[in-house]
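Examining the three-dimensional arrangement
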Amino acid sequence: MCVTCGCSDDSETTMTNPQTGEKIEMKTHHHHPHSHTHEQQTSAPEEHTHTHTLADGTVVTHTHAHASEPPKTEAKVSEIHAKMHGNTIALEEAILGKNNLIAAQNRGWFKGRNILALNLVSSPGSGKTTLLTRTINDLKSKLTFSVIEGDQETINDAEKIRATGCNVVQINTGTGCHLEAAMIERGCEELNPPLNSIVMIENVGNLVCPALFDLGEKAKVAILSVTEGEDKPIKYPHMFRASQVMILTKIDLLPYVQFDVQRCLDYARRVNPKMQIFQVSASTGEGLNAWYDWLKSQSQQL
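Residues numbered from 1 in each chain as written. Predicted model: local features only at pLDDT ≥ 70, side-chain atom pairs only at ≥ 80, totals over all residues. Heavy atoms only, no water.

1. Observations regarding the packing of aromatic side chains
In this description, an aromatic ring pair is defined by two values, namely the gap between the centres and the angle between the planes. Under the criterion given, the structure shown has four aromatic pairs. Judged by centre distance (6.1 Å) and plane angle (65°), the ring pair of Phe278 and Trp291 falls under edge-to-face. Taken together, the residues Phe278 in strand β11 (residues 276-279) and Trp291 in helix α8 (residues 288-300) connect sequence positions 13 residues apart. Pairwise contacts between aromatic rings join Phe278, Trp291 and Trp294 into one cluster. (Phe/Tyr/Trp six-rings, centres within 6.5 Å; stacked < 30°, edge-to-face > 60°. Helix = DSSP H or I, 4+ residues; strand = E, 2+ residues; numbered from the N terminus.)

2. With respect to the pattern of salt bridges
Using the criterion set out here, one finds eight salt bridges in the structure. In this structure, Asp138 engages Arg134 in a salt bridge whose closest nitrogen and oxygen atoms are separated by 2.8 Å. Of the two residues, Asp138 and Arg134 both sit in helix α2 (residues 128-139), four residues apart, roughly one turn of that helix. Classification of Asp138 by relative accessible area gives partly exposed; the value is 30%. (Salt bridge = Lys/Arg side-chain N within 4 Å of Asp/Glu carboxyl O. Buried < 20%, exposed > 50% of the residue type's maximum accessible area, 1.4 Å probe, protein only.)

3. A closer look at the nonpolar core
Counting 29 residues, the largest nonpolar core has Leu118, Met200, Ile247, Trp291 and Leu295 as the members making the most contacts within it. Secondary-structure elements contributing two or more residues to this core are β5 (116-121), α2, β6 (145-151), α3 (156-162), β8 (198-202), β9 (219-225), β10 (245-249) and α8. The dominant element in this core, judged by the number of residues it contributes, is α8, at five residues. Ignoring anything within four residues of it in the chain, the contact list for Leu118 reads Val199, Met200, Ile201, Glu217, Ala219, Val221, Trp291, Trp294 and Leu295. (Core = buried A, V, L, I, M, F, W, Y, C linked by side-chain atoms within 4.5 Å. Contact = heavy atoms within 4.5 Å.)

Printed below as a string of structure tokens:
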């Protein structure tokens, strides 16, 4: 569940292996930390029956109805509201704490197998899958790749990866807007990536929630296309601050779009001065060699 927007609440996450066609349900059930209301709740009235004997001997029975507790005052409601938000914070910390524990286990698992795991993050339509398929096709004779694809629905991207000959599983998050460490753990069990290889995790298209969730990766790689606004790094600073790499894609379209490259780079470095930046076109191949050299160096440093 996303502690920011509450997505994935009671949703069904599924994993599909395109090679075998097997589909596995990964049921997630969480209590939404914000699923409370501020309406005053009143208990059903309690009835109390008693009798009186009048002076002339007549027996009279009375039934009185009264609330079991007095109505909540505005101050009482505010107190309850505060307690609920306190519980929400505790629940959010518990959710992220559990995710981070599994992420740490994933990181140890990758390290023990000398596997470079990268978390590719971006908004929808940035060109993640196109860049990924081009990277795999260009480097598959030198590096071994496995891919975990994340989308809300369909296995379309997984089929594109499969066409490269690369081992891939598709995780569909349903209403969820991001991948979580437990999903990566399960995906790796299905993939069984070989020693001394690279696992590419293509996260769900979203520049907000994936910034919160560590998956056990070596680095987050933020992908931004020139068809988006150059101010994305300062509009979504948490994601770009959490990323070690930014790839500016679709630079072959620069003559046809209004996009200030230098301003974008300045914004990115303002948010994260240490971030490595590459400018590439997956269509023409321009700038890809620098990205490939970085991949090779990172895999050799494990």
